[in-house]
Amino acid sequence: MRHAKAEPFGDEDHQRQLTERGHRDAAEAGAWLAAQGIVPTHAMVSSAARAQATWESLAKSAGGSAVVTYDDGLFSAGPDTALDVLRTATPEATVLVFVGHNPTAAYLAHMLSDGTPDPDAFRAMAEGFPSAALAVLEVPVDWADLAEGSANVTHFHVGKG
């Protein structure tokens, strides 16, 4: 997931906050996940304030009590580094949510796709990866074995704004 809509400027980029719309979109994404029966068990979230707030709003609406890790490295991570972080997920993570930044979030979703995505999800994802965009991937391998082309895109969700 890409973090939700944040304020355009801040004294420090790492501390930029979500806008009201950002909180609404993140909460709506959580409600959408719950409606799909996708309840997060774990999360790996950038330590940036906007990513943390995205996760908190999403988690409140999605339900459950996920184990969350805030990672400074995900703030400036490219897709390869983000993939390395995801490989460290515990085997108990049956539904893992990544909350990061673009372009990494979009690149990561495309990079992990095995080339046989749900056509509607892939078409929507190809049109862009705006704030609060959420790609759902089915991962049939252990987290430690996560690699390029090892997952299947099953859903793509963007809030109404």
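Residues numbered from 1 in each chain as written. Predicted model: local features only at pLDDT ≥ 70, side-chain atom pairs only at ≥ 80, totals over all residues. Heavy atoms only, no water.

Draft legend 1. Summary view of the environment of Ala-4. Residue position: Ala-4 is located in the segment before helix 1 (20-35). For Ala-4, a relative accessible area of 0% translates into the label buried. When the C-alpha atoms of Ala-4 and Gln-17 are compared, they prove to be 9.7 Å apart, with 13 residues separating the residues in sequence. In this structure, Ala-4 is in contact with Leu-18, Gly-22, Ala-26, Thr-54, Ser-131 and Ala-132, ignoring residues within four places of it in sequence. (Helix = DSSP H or I, 4+ residues; strand = E, 2+ residues; numbered from the N terminus. Buried < 20%, exposed > 50% of the residue type's maximum accessible area, 1.4 Å probe, protein only. Contact = heavy atoms within 4.5 Å.)

Draft legend 2. Examining the nonpolar core more closely. Judged by nonpolar contacts, the single largest core of 27 residues is most densely connected at Leu-108 and Phe-129. When residues of this core are traced back to their parent elements, those giving at least two are helix 3 (79-86), strand 3 (96-99), helix 4 (104-112), helix 5 (119-126) and strand 5 (152-157). In terms of residue count, helix 4 provides more of this core than any other element does, six residues in total. Sequence-distant contacts of Phe-129, that is, excluding residues within four places in its chain, are made with Arg-2, Asn-102, Ala-105, Ala-106, Ala-109, Ala-135 and Phe-156. Counting 20 residues, the second-largest nonpolar core is a separate cluster that includes Ile-38, Val-45, Trp-55 and Val-136. (Core = buried A, V, L, I, M, F, W, Y, C linked by side-chain atoms within 4.5 Å.)

Draft legend 3. View of the environment of Ala-89. Looking at the secondary structure, you find Ala-89 in the loop between helix 3 and strand 3. Residue class for Ala-89 comes out buried when judged on its relative accessible area of 11%.

Draft legend 4. Structural context of the pattern of salt bridges. What the rule picks out here adds up to five salt bridges. With a closest N to O distance of 3.4 Å, Arg-50 and Asp-13 form a salt bridge. Here Arg-50, found in helix 2 (residues 49-62), pairs with Asp-13, found in the segment before helix 1; they are 37 residues apart in sequence, far enough to count as distant. Between Arg-123 and Asp-120 there is a salt bridge, with the nearest N and O atoms lying 2.9 Å from each other. Of this pair, Arg-123 and Asp-120 are both found in helix 5, three residues apart, which corresponds to roughly one turn of the helix. What makes Arg-123 partly exposed here is its relative accessible area of 47%. Through salt bridges with shared partners, a single ionic network connects Asp-13, Arg-16 and Arg-50. (Salt bridge = Lys/Arg side-chain N within 4 Å of Asp/Glu carboxyl O.)

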